[in-house]
Amino acid sequence: MRPPVAPTGWSRWLVPPAALSVHLSIGQAYAWSVFKPPLESALNLSGTQSALPFQLGIVMLGLSAAFGGTLVERNGPRWAMSVALVCFSSGFLLAALGAATEQYWLIVLGYGGVGGIGLGIGYISPVSTLIKWFPDRPGMATGIAIMGFGGGALIASPWSAQMLESFGADSGGIALAFLVHGLAYAVFMTLGVLLVRVPKAAVTPARDSAVPVLAGPQVSANQAIRTPQFWCLWIVLCMNVTAGIGILEKAAPMITDFFADTSTPVSASAAAGFVALLSAANMAGRIGWSSTSDLIGRKNVYRLYLGVGALMYLLIALYGDGSKPLFVVCALVILSFYGGGFATVPAYLKDLFGTYQVGAIHGRLLTAWSTAGVLGPLIVNRVADSQKDAGKHGASLYGLSLAIMIGLLVVGFVANELVRPVHARHHHVPAPRESSDDTADRDHQQPA
């Protein structure tokens, strides 16, 4: 399938909305927790069992992005968005059948397996195209799209809750809610499929762009994974995501536990509000920090994510149970870094490896997300359970897991410092000679 080429006069600002239609849809994954209590009640499941579709979905996201990245580059964004639409919507339809027949394995297969493939292909579908349309502001462009994945839950959570309230929380009501999700998201994602275009030729940046556009290396996906830069970034992303998702997955019980032994305990409704705030910070960080990276450079912004993130965890560990505002602010900063890390990494890859196969390289890098999606919740939950068995309670349940997160962020910080420009032997297309003036500005475009 040949990707649709934009006609003369086509506005590049039509491409981010196309990407958003896909990312806002697949971002529903972060709202899976809405379905956990009714599924546990209707199908007699444990908390671990009800989390399985989400966990499998994140694992399949990373795997499908890794293995499908080259196909996305070869066939273009419309093909990728179409595959994402079919898989993501079909996953919901299979889950609806599983709920209606009370066959939980069908829900796991549908939402986690088939739907997870849609998550991965859909997530990387617009990345390469956006970077080609916005060579002057790649961080901002990918941030706009990937912001949608973080913000999808803000739409899906109340919408799903309202459907369960209207249809009922039994197996039939859950099945109907899954069915409506599958059909509605198919229609919404179709808008992106029809709207997306690729540029006819290299886009010339706006004359008033504050950021110089430099010709950089062009490295193939197969060659990129042979470089130390790729694996340093893999560690950076994995550590940053592990630290963020550890709080995100356990947010409501964590804030409740932290202040359970104080004179001002946190109510269930306040804990739910805290979760909504974290989702907003996750979304805002994706566009805010990724746009900032266009100004200060990718390496510098990851120093911020990892270094300041470790400091935020330290403040929570030392003083979090003594001040709610401090706890909330630190958690919001951590989640903004979590979202920013996702949105900035495509531009970081573009700086290092060029635009030649950046979508495929991004897909391979997302296996770090699959690893972190298992690692982060495992650390926080397993440590909290062991501390509870030892008779501890309140904030002391999380002291060890917070220390582990600080250590992981330090590891990520070191890995980021080790990133250097890719050696010329890995280049697919030799980079043109840069002027001495361009070289002076390199720190804004390529890591030191």
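Everything discussed here concerns the structure shown above.
Residues numbered from 1 in each chain as written. Predicted model: local features only at pLDDT ≥ 70, side-chain atom pairs only at ≥ 80, totals over all residues. Heavy atoms only, no water.

*Asks:* Hey, could you go over the overall build of the protein chain for me, with residue numbers and the actual values?
*Replies:* Along the backbone of the protein chain there are 19 helices and zero strands. In terms of overall size, the protein chain behaves like a compact globule, its C-alpha atoms giving a radius of gyration of 22 Å where 448 residues would be expected to give roughly 22 Å. The 448 residues of the protein chain split such that 55% are buried. Once local pairs closer than 6 in sequence are excluded, the contacts in the protein chain between residues at least 24 apart make up 85%. Carbon and sulfur atoms form 65% of the exposed surface of the protein chain, whose accessible area is close to 17,400 Å². Of note, the protein chain has its 26 positive side-chain charges centred 11 Å away from the centre of its 21 negative side-chain charges. (Helix = DSSP H or I, 4+ residues; strand = E, 2+ residues; numbered from the N terminus. Rg over C-alpha atoms; globule rule 2.2 N^0.38 Å. Buried < 20%, exposed > 50% of the residue type's maximum accessible area, 1.4 Å probe, protein only. Contact = heavy atoms within 4.5 Å. Areas by Shrake-Rupley, 256 points an atom, 1.4 Å probe, with all protein chains shown as cover. Lys, Arg positive; Asp, Glu negative; His and termini not counted. Charge placed at Lys NZ, Arg CZ, Asp CG, Glu CD.)

*Asks:* Please set out the packing of aromatic side chains residue by residue, giving values where relevant.
*Replies:* Enumeration according to the criterion identifies 29 aromatic pairs in this entry. Counting every residue linked through ring pairs, the aromatic cluster contains Trp32, Phe35, Phe88, Phe92, Tyr111, Trp159, Phe178 and Tyr185. It is Lys324 that lies over the ring of Phe259; its NZ or CZ is 5.8 Å from the centre. (Phe/Tyr/Trp six-rings, centres within 6.5 Å; stacked < 30°, edge-to-face > 60°. Lys NZ or Arg CZ within 6 Å of the ring centre and 35° of its normal.)

*Asks:* Give me the pattern of salt bridges: which residues, what numbers.
*Replies:* Counting across every chain of the model gives six salt bridges. We note a salt bridge from Arg298 to Asp294, for which the minimum N-O separation is 2.7 Å. By relative accessible area, Arg298 is classed as buried at 3%. The salt bridge partner of Glu417 is Arg303, with a shortest N-O separation of 2.7 Å. Taken together, the residues Glu417 in helix α18 (residues 399-417) and Arg303 in helix α14 (residues 298-319) connect sequence positions 114 residues apart. Residue Arg303 is classed as partly exposed on the basis of its relative accessible area of 28%. One continuous salt-bridge network, built from bridges that share partners, spans Arg12, Asp136 and Arg137. (Salt bridge = Lys/Arg side-chain N within 4 Å of Asp/Glu carboxyl O.)

*Asks:* Any details on the side chain of Asp351? Residues and values, ideally.
*Replies:* Looking at the element boundaries, Asp351 is found in helix α15 (residues 324-353). Judged by its relative accessible area of 5%, Asp351 is buried. Here the side chain of Asp351 touches Arg298 through a polar contact of 2.8 Å, side chain to side chain. (Polar contact = N/O pair within 3.5 Å; in protein donor to acceptor, adjacent residues only side chain to side chain.)

*Asks:* Tell me what's going on with the packing of α14 against α18, and back it up with residues and numbers.
*Replies:* One can describe the packing of α14 onto α18 by two numbers: an axis separation of 9 Å at closest approach and a directional angle of 165°. Regarding the angle of α14 to α18, the classification is roughly antiparallel. When you trace α14 past α18, the crossing you get is left-handed. Contact with α14, carried on its side by Lys299, Tyr302, Arg303, Leu306, Gly307, Gly309, Ala310, Tyr313, Leu314, Ile316 and Ala317, involves Leu402, Met405, Ile406, Leu409, Gly412, Phe413, Asn416 and Glu417 of α18 and no other residues of that element. In the contact of α14 with α18, the residues fall into 12 nonpolar, four polar and three charged. (Axes fitted to C-alpha atoms, helices over the stretch in contact; angles between N-to-C directions. Parallel < 35°, antiparallel > 145°, perpendicular 65-115°, else oblique. Left-handed = near helix turned anticlockwise from the far one by under 90°. Nonpolar A, V, L, I, M, F, W, Y, C, P; charged D, E, K, R; others polar.)

*Asks:* Quick one: what's the story with the environment of Asp136, residue by residue and with numbers?
*Replies:* Following the sequence through the fold, Asp136 ends up in the loop between α7 (127-133) and α8 (138-167). Expressed as a C-alpha distance, the spacing of Asp136 and Asp294, which sit 158 residues apart in the sequence, is 8.4 Å. Engagement of the side chain of Asp136 in a polar contact is seen with the side chain of Arg12, the distance being 3.3 Å.

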